[in-house]
Every structure is written in C-alpha cells, then in structure tokens.
Amino acid sequence: MTAREHILGQLRDNARGDAAPPAPWQSRRQFDDMAARFIASLEKVKGAAYRVASLDVALDKLGELLQTLEAERIVVNNEAPFDTLDLPGRWPEAEWHTVGQAGDLRAACAAADVGLSSADAALAETGTLVLSSGPGRSRLVTLLPPVHIALVPAACLTPDIFTWTATRHAAGLADAMPANLILVSGPSKTADIEQTLAVGVHGPKRFIVVLYD
Amino acid sequence: MTHTPNVTFYDFRKSAAKAVNDPNLQRAVDGATLRFRTHRAEALAELPDSDALRDHLKAIRAATLACLADHLETFERNAQAAGAHVHWARDAADAQRIVVEIAQQHDADLVVKSKSMATEEIHLNDALLAAGIEPVETDLGEWIIQLAGEPPSHIIGPALHKTRQQVAELFNRKLGTNFTGDDIPGMTEQARRVLREKFLSASIGISGVNVAVAETGSIVLVTNEGNGRMVTSAPPVHIAVMGLEKLAPTWDDAAVWLSLLGRSATGQPLSIYTATITGPAQADDPDGPQEVHIVLLDNGRSALLGGKYEEILQCIRCGACLNICPVYQEVSGHAYGSPYSGPIGAVITPLLFGLEEYEALPHASSLCGACLDVCPARIDLPRMLLELRADEVEQRIIPRQERLLEGSAAWVLGRPRLFRFLTGLGRFFQRPLARNGSLRLPRGLNPARDRQLPALAPRSFRELWDDGLSANDATSEEEGT
Ligand code: SF4
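Residues numbered from 1 in each chain as written. Chains lettered and ligands numbered in written order. Predicted model: local features only at pLDDT ≥ 70, side-chain atom pairs only at ≥ 80, totals over all residues. Heavy atoms only, no water.

**Student:** Could you clarify how one ought to interpret the overall build of chain A in this entry?
**Tutor:** The secondary structure content of chain A amounts to six helices and twelve strands. With the C-alpha coordinates of chain A rotated into their principal frame, the extents come out at 70 × 45 × 45 Å. A fraction of 72% describes how many contacts in chain A between residues 6 or more apart in sequence connect residues 24 or more apart. As displayed, chain A has an accessible area near 8800 Å², and 50% of this comes from carbon and sulfur atoms. Separation of charge centres in chain A, based on 19 positive and 25 negative side chains, amounts to 7 Å. (Helix = DSSP H or I, 4+ residues; strand = E, 2+ residues; numbered from the N terminus. Contact = heavy atoms within 4.5 Å. Areas by Shrake-Rupley, 256 points an atom, 1.4 Å probe, with all protein chains shown as cover. Lys, Arg positive; Asp, Glu negative; His and termini not counted. Charge placed at Lys NZ, Arg CZ, Asp CG, Glu CD.)

**Student:** I tried to follow the confidence of the model for chain B on my own but got confused; where do I start?
**Tutor:** Detail in the predicted coordinates should be disregarded across regions flagged by low pLDDT. Looking at chain B, the pLDDT average stands at 92 and 95% of residues meet or exceed 70. Among the scores for the predicted complex, ipTM is 0.97 and pTM is 0.91. (pLDDT = per-residue confidence, 0-100.)

**Student:** Which parts of the structure should I look at to understand the domain arrangement of chain B?
**Tutor:** Accessible area lost upon the coming together of the parts serves often as the stated size of an interface. What the domain assignment lists for chain B is domain 1 (67–304) and domain 2 (415–480). The distance between the C-alpha centroids of domain 1 of chain B and domain 2 of chain B comes to 58 Å. (Domains from an automatic or database assignment.)

**Student:** Even after reading the chapter, I still don't get the site of the ligand, so can you show me in this structure?
**Tutor:** For the ligand, the full set of nearby residues is Cys315(B), Ile316(B), Arg317(B), Cys318(B), Gly319(B), Cys321(B), Ile344(B), Cys375(B), Pro376(B), Ile379(B) and Leu381(B). When the residues that make up the shell around the ligand are grouped by side-chain class, the tally is nine nonpolar, one polar and one charged. (Near = heavy atom within 4 Å. Nonpolar A, V, L, I, M, F, W, Y, C, P; charged D, E, K, R; others polar.)

**Student:** Can you help me understand unusual backbone geometry in this one?
**Tutor:** A negative phi angle characterises most non-glycine residues, just as the trans form characterises most peptide bonds. Residue and element names in this part refer to chain A. Across the junction of Ala80 and Pro81, the peptide omega takes the value 0°, indicating a cis bond. You can see Pro81 is positioned in the loop between strand S2 (73–76) and helix H4 (87–90). Phi is positive for Gln195, close to 60°, though the residue is something other than glycine. Assignment of secondary structure puts Gln195 in the loop between strand S10 (189–190) and strand S11 (198–199). By relative accessible area, Gln195 is classed as buried at 17%. (Buried < 20%, exposed > 50% of the residue type's maximum accessible area, 1.4 Å probe, protein only.)

**Student:** Looking at this model, I keep getting lost on the pairing of strand S2 (residues 110–113) of chain B. Mind explaining?
**Tutor:** Regular strands place their side chains on alternate faces of the sheet. All names here are of chain B. A two-sided burial pattern is seen for S2, the buried positions comprising Leu110 and Val112 on one face and Val111 and Lys113 on the other. Pairing of S2 with strand S3 (residues 134–137) involves four bridges; the strand directions are parallel. Following the sheet pairing, Val112 is matched in S3 by Val136. Pairing of S2 with strand S4 (residues 204–207) involves three bridges; the strand directions are parallel. The residue of S4 that forms the bridge with Lys113 is Ile206. (Pairing = 2+ DSSP bridges.)

**Student:** I'm lost on the pairing of S4(B) in this one. Help?
**Tutor:** Residue and element names in this part refer to chain B. Across the two faces of S4 the burial is the same, with Ile204 and Ile206 and Gly205 and Ser207 all buried. As paired strands, S4 and strand S7 (residues 237–243) are joined by four bridges and run parallel to one another. Opposite Gly205, over in S7, you have His238 as the bridge partner.

**Student:** Even after reading the chapter, I still don't get the sheet that holds S2(A), so can you show me in this structure?
**Tutor:** The strands making up a sheet are joined through hydrogen bonds of the backbone, oriented either antiparallel or parallel. Residues and elements named next belong to chain A. Spatially, S1-S12-S7-S4-S2-S3 is the arrangement adopted by the six strands of the open sheet, whose pairing is parallel. Each of the sheet's edge strands pairs with one partner strand only, and the pair in question is strand S1 (48–52) and strand S3 (95–98). If you compare each strand with its neighbour and ignore which way they point, the axes differ by 20° on average. Of the strand pairs in this sheet, strand S7 (residues 147–153) and strand S12 (residues 206–212) are connected by seven bridges, and their pairing is parallel. Among the inter-strand pairings, Val147 is bridged to a residue of S12, identified as Arg206. (Axes fitted to C-alpha atoms, helices over the stretch in contact; angles between N-to-C directions.)

**Student:** Which parts of the structure should I look at to understand the pattern of salt bridges?
**Tutor:** Pairing between side chains of opposite charge can happen when their charged atoms approach one another. Residues and elements named next belong to chain B. Following the criterion strictly, the structure yields 35 salt bridges over all chains and no others. The residue Glu150 makes a salt bridge to Lys162 at a minimum N-O spacing of 2.9 Å. Residue Glu150 is found in the loop between helix H8 (140–148) and helix H9 (164–175), and its partner Lys162 is found in the loop between H8 and H9; the two are separated by twelve residues along the sequence. Look at Glu150 and you get partly exposed, because its relative accessible area is 25%. By relative accessible area, which is 10% here, Lys162 ends up buried. (Salt bridge = Lys/Arg side-chain N within 4 Å of Asp/Glu carboxyl O.)

**Student:** Even after reading the chapter, I still don't get the side chain of Glu120(B), so can you show me in this structure?
**Tutor:** Within the secondary structure, Glu120(B) is located in helix H6 (residues 117–121). Buried charge without a salt bridge: Glu120(B), with Lys113(B) as the nearest opposite-charge side chain at an N-O distance of 5.3 Å.

**Student:** What is the right way to look at the packing of aromatic side chains in this model?
**Tutor:** Here the distance between the centres and the angle between the planes together describe a pair of aromatic rings. Evaluated as defined, the whole model comprises ten aromatic pairs over all chains. Seen in terms of ring centroids, Trp91(A) and Trp96(A) are 6.2 Å apart; in terms of plane orientation they differ by 25°. Their pairing is stacked. No difference in accessibility class separates Trp91(A) from Trp96(A), as the two residues are buried. Connected via pairs of aromatic rings, a cluster forms that spans Phe12(B), Tyr328(B) and Tyr336(B). Above the face of the Tyr50(A) ring, Lys61(A) is positioned so that its terminal group lies 4.0 Å from the ring centre. (Phe/Tyr/Trp six-rings, centres within 6.5 Å; stacked < 30°, edge-to-face > 60°. Lys NZ or Arg CZ within 6 Å of the ring centre and 35° of its normal.)

**Student:** In this structure, what is going on with the environment of Pro187(A)? I would like to understand it.
**Tutor:** Examined against the element boundaries, Pro187(A) turns out to sit in the loop between strand S9 (180–184) and S10. According to the relative accessible area criterion, Pro187(A) is buried, its value standing at 1%. Placed 113 residues apart in sequence, Pro187(A) and Ile74(A) show a C-alpha to C-alpha distance of 18 Å. In this structure Pro187(A) touches Val45(A), Lys46(A), Gly47(A), Val199(A), Pro204(A), Lys205(A), Arg206(A), Phe207(A), Ile272(B) and Tyr273(B), once residues within four positions along its chain are discounted.

**Student:** Help me out: how do you make sense of the interface of chain A and chain B in this one?
**Tutor:** With 79 residues of chain A at the interface, the matching set in chain B holds 97 residues. Between chain A and chain B the total buried area reaches about 7300 Å² when both faces are included, carbon and sulfur atoms providing 58% of it. Among the residues chain A hides against chain B, the three largest losses belong to Ile193(A), Glu194(A) and His202(A). Together they make up 11% of the total. The interface formed by chain A and chain B contains twelve salt bridges. Across the pair Arg28(A) and Asp49(B) runs a salt bridge whose closest N-O atoms are separated by 2.6 Å. There are 41 residue pairs in polar contact (both at pLDDT 80 or more) connecting chain A and chain B. Put simply, the parts of the chain that give the side of chain A that touches chain B at least two residues each are helix H1 (3–14), helix H5 (105–111), strand S6 (128–132), helix H6 (161–170), S9 and S10 of chain A. No other element matches the nine residues that H1(A) contributes to the side of chain A that touches chain B. The class makeup of the residues in the side of chain A that touches chain B is 40 nonpolar, 23 polar and 16 charged. (Buried area = accessible area lost by both parts, 1.4 Å probe. Polar contact = N/O pair within 3.5 Å; in protein donor to acceptor, adjacent residues only side chain to side chain.)

What follows is the structure, encoded as structure tokens:
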C-alpha cells in the first residue's frame, strides 16, 4: 500500500463525514472613502500612498519620487500602464530594464534601486496590493530592489479580502490562478529582535503606492 | 535521527525552574507576549464582528475535517493540474526521505528555508545536514536561533526569548561583527546582506504552508520579512512541507483563515506578504521556480480524526494561546521540549509524539481557560488537557508510587479515626524535618527546590472547629442567661 492510500484510507475510516460548511462569509466592511482608508492603513505600517487625479499626475509624482530617491537603476514590469509609455524616454538619466527585454532580469533586479509595477487589486481595509505573475510580470521586480513603487488605478480598490475573493468568483477568475499571487500590505519588516520594528529585512524597505483616477 | 526528548515531570520542573530564574529570559518573554497580546486585542476590536468571524472559522475548520480526505484529493488534483508534484508522507522519516531525495536529484548543497513548524516537527535540518546539504534559515528570528544552535521557543517569534544584547553578542561571535544591542537596524541590515547572497545562490527553497486552498491547488505562505517570497521565487526548485490538516476548501474560506491569522498572531490585519503559489512558473512567466513539490505530512494527524482530540486539528498556528498563557509566560518555550509550546503544544505534542514521552505537558496548565478565550478557532484546549490527564491515569502513565499514594490516601481518608491517629503520629515524627511551619523535602521530590510542603499544624482544623463550636455554644449560653 502506498503512503497515499494508507493516509487517505485512515482519514476515510476515521472522519465523521458530516460536513455542513457554512455559507461564505460576507464582508461587513464599508468605507465612504476607500482610497483614504487604503492610505491610512498603509501609513500605519510605514508604507506610503498618494491619490492623484490622473495617470499624467501619477507620472509626475513618479518622477518626483525617482528624483528624491536618486534612483539610477530601475526595473519595470511590462504591464499596463507602463507598456504603452516610453519611460526610458521620459527619464533618460536612469538605466532602465523592462521585463522581457534582452539581458539578465535577475541581475537587473538585484542591482536596481527601484522596482516599478502596477497591481490587480487594492484592498482598502488593509492597505494591500494584489500582484500576480504572468507575461511581463516578474516576481523579482517587486521583491529584490530596496524600493517598490506601484502605480494603480483607483478603480482597483475594493473594501477587503472578502470582497476581493467574491469579485474573483463573480468574474470566473477563481480557477485561473497565476503561478504566483502576492498580497503586499507594506514594506518588508521584522520584529524578531525584542519585538522592535525594523524595516527592510528581505523585501523592499520602502513601499509606495500611487492611486490614480 | 528524530530525537524525541522526553519531558517527564522532573524534566519539566527542572527547565521551568531554570527559566523562572533567568532574568533576561523573563524580561524578553514578558515584553514580547505582552506586546503580542495588546496588538491582538486591538486588531480584533477594530473588526466589525470578530466574534462572528471566529465562529465562522470554527465552522469552516470543523466541516473541512469532517471530509478531509475528499478535500485533500481535490487539492492534489488541482495542484497537479497546475504542474506541482504532490507527495504523501506517513511520518517524519517519510517526509525527510522525500525532501532529501529531491535535493539530491538536483545536486543541492545549499537550501534556503523560510520558517516552518512542520519542518521543525520532522527535524528536517538534521536530515539535510546528514546528507551533506546545508540548510539556512532565513526568517530573522529563526536564523538567530540557528546561529545559536537552539530550537524555536515560540510558534511566531522563534527567538523571542533573547534580549537585544544577547542577539548582538551572538552576531559578534558568529559573524565577526561589532554590534551593540541598540543597533537593531544594523543587525537587520547584516541579515539582509548575508541572506540575500544565500537566496540568490541556493538551488532549493524549502517552506512550510500556512494554508492550502483545495479549489485551486494553491499553497499560501505568510511572512513579514519577505523571506517566504524569496524562498519560493529565487531558487529554481521549491519544496513545501505541510501538515495535511492545513487545508481550506475555497478561497472564501482561506480569506477568513488569513484575516484571523495575522490579527491573532501579531495583531496585523494581514501579514506584510501573503504569497500564493499555484504550481511552478508558467511558460511565459519571466521568472519563478521550475519545479514545485508539496509534501503532505500525516505524522499522527489522521489518527486524531473522528476522536475526542480531533478539535486540535482545527489549529491555525497563530500562537495567541502561548501569549496569553500564564504558564508559558513563566517557563517559555524550551521547557516543552517540542517545536509546539504553550497550550497548543501541551496538547498536540503528546498526541503526535507520545503521551508517555511528554507526560508532563498536560499538566503545564492551570486550566484558567484564557487560551480558549483567545483562540481564533475557539479550540477547547482546557478540555483536551483534562482528557489527556485522564488518559494518563487510564494508561497508567502516572508513576506507580503516585498511584499507590493516591490509592492509600483515599483509603485512609475514608476512615476518620485512622486518619486522626495517623496525623497524630505524623505530628510527632515530622519534628526533625519541620522548620518554620514547613517540611524540608528530599531533593528527589523537589528538583527545583522551590516547593514547600506545610508541616502538620500542632492542632488540626477539626480540633479547632470543635473548640470553636463549644466556645460559641458557651457564648450563646451566657447570652441566654
Ligand atoms: S490553538 Fe488556537 S490560539 Fe493556539 S495556536 Fe492554535 S489557533 Fe492559535
């Protein structure tokens, strides 16, 4: 008998089998201003978020951020809204690596000052972005650089994790999982030494979100 | 290889006494558990309806366990469809062998690990080392105790028994650095530098699983540091070891689980990173592992299903019961001699690794009920602690002397005249042992030298009572006249 048969057999023999799963939990969250809650939640964990009126203003904000960060090397996912913008043309002083271009993506991410991405969804309650892998969407772009900046349409906001899973179900997306799906709720942190907060252990030390209309 | 350190009554009392008399440890554990408790309470209070959410989690966990085999098969099917390899391990030896074999197939000499209780449970690091493979823990706390050569002392904060000065000294000794205890950012940066190199050069990443989702064959890992993402993104092969009970049928269920996990563990509405892995990198993904293996670990769990201890399998390993437990706060994690400490450890350790070997653990509780109050899955830990004590009596694990003593005590107590006669004798013969109203116990009965047995009083309560009664009678008679 294989281990699998043995274990499943034992589980079947012992289990009560009287399952009555409850109906899915319905979110009890409602926010008058989801962006405001998103920003407040993120600031609580030392992340930063801004809300701006349009993609153009978001790009201005991005320029400002890149300048204050003195970003010299930038890696960017090849996804909306960046895929139709000529970022290297806008900021020629920096060295750009776009996912999918020739060259070593991993080395570029390891050397970059900033990683740039968008997101699938933003959860207002917890200040969380939902990132997924896929064509043009690298895992390391949002993980290795010390700073992660995300430009996200404000229309991606949803109240909380329950409304997010419900929307995915409604859209028939529940079965179509990307290989890697990440919820990010702030900059990397630890409290492992005497419960004292230290930011930037393995992931980005700064996590900045620009929500645009 | 799988060492099960016995935790007899004597061992537990000895390590407890050591912990209680260690001021650094007391300070570190008091501070950490207090902060965890405060943050948890605040996070739950901020929810619109945390009580209902906890009831809901309980219902989900109970319903999932009732049909666990079906859900596991669904999980397996979907994980395989996504390209993951699923392995079944009956026990620790099975699981060790599976992981080591995969590592050897890839000629691995370095694996990076993100904190995982399941791999602690099967002593995976020992097995890897024996096979000439170096495992590097990458959770900061777990790395600290790996450097120190110690087991974790808490499910969530493995190094929370250490003060900042102790960590600085450890770094300086092991890494040749020159930190003071106050330079926590410096120590964190050091960990980032050293471990970043490991992440990028390791050929295998090993993780646990916080919750797996059957409907999509996904595994979910939560971390704050980002090591969970690193371990599952940078190396070409990812192996995840999970206790087979950590399964949610649907994403709706997983969302309930995750909302309560972060809040109950550290008071975070969600951990910083929740990483969901569904198979290896797809053909057009720019990066990610080429192979994903999931090891489903039984190791005694299936035997608990359907019995009086099934409820313990509802645990989501949040650690809230440790932080609230007055015994854990005093003795800290190492006294339990198991990766699982505190109330959850006191119940699950004997169940998985043997009641006889861990006879003291069901008694490491005052049965105050605080753990039941905070448990997100409302697991009745006090009930199971009592059941285990009853099992000990039934299985005659309680030492023979103790059983004899209890039996004779019952016999004597049922015979008041004999009892009075014997206490009279005792009062006489205790004289050489009694000092200031208590008896000096021989070392064997009092390993920690902290117990005091009161000497027999010169006059028994009964005698005093009888005197009092007659005195009272006397008073009333006087009043009557
Ligand atoms: S028993 Fe409950 S409180 Fe304790 S770790 Fe498990 S889920 Fe958390």
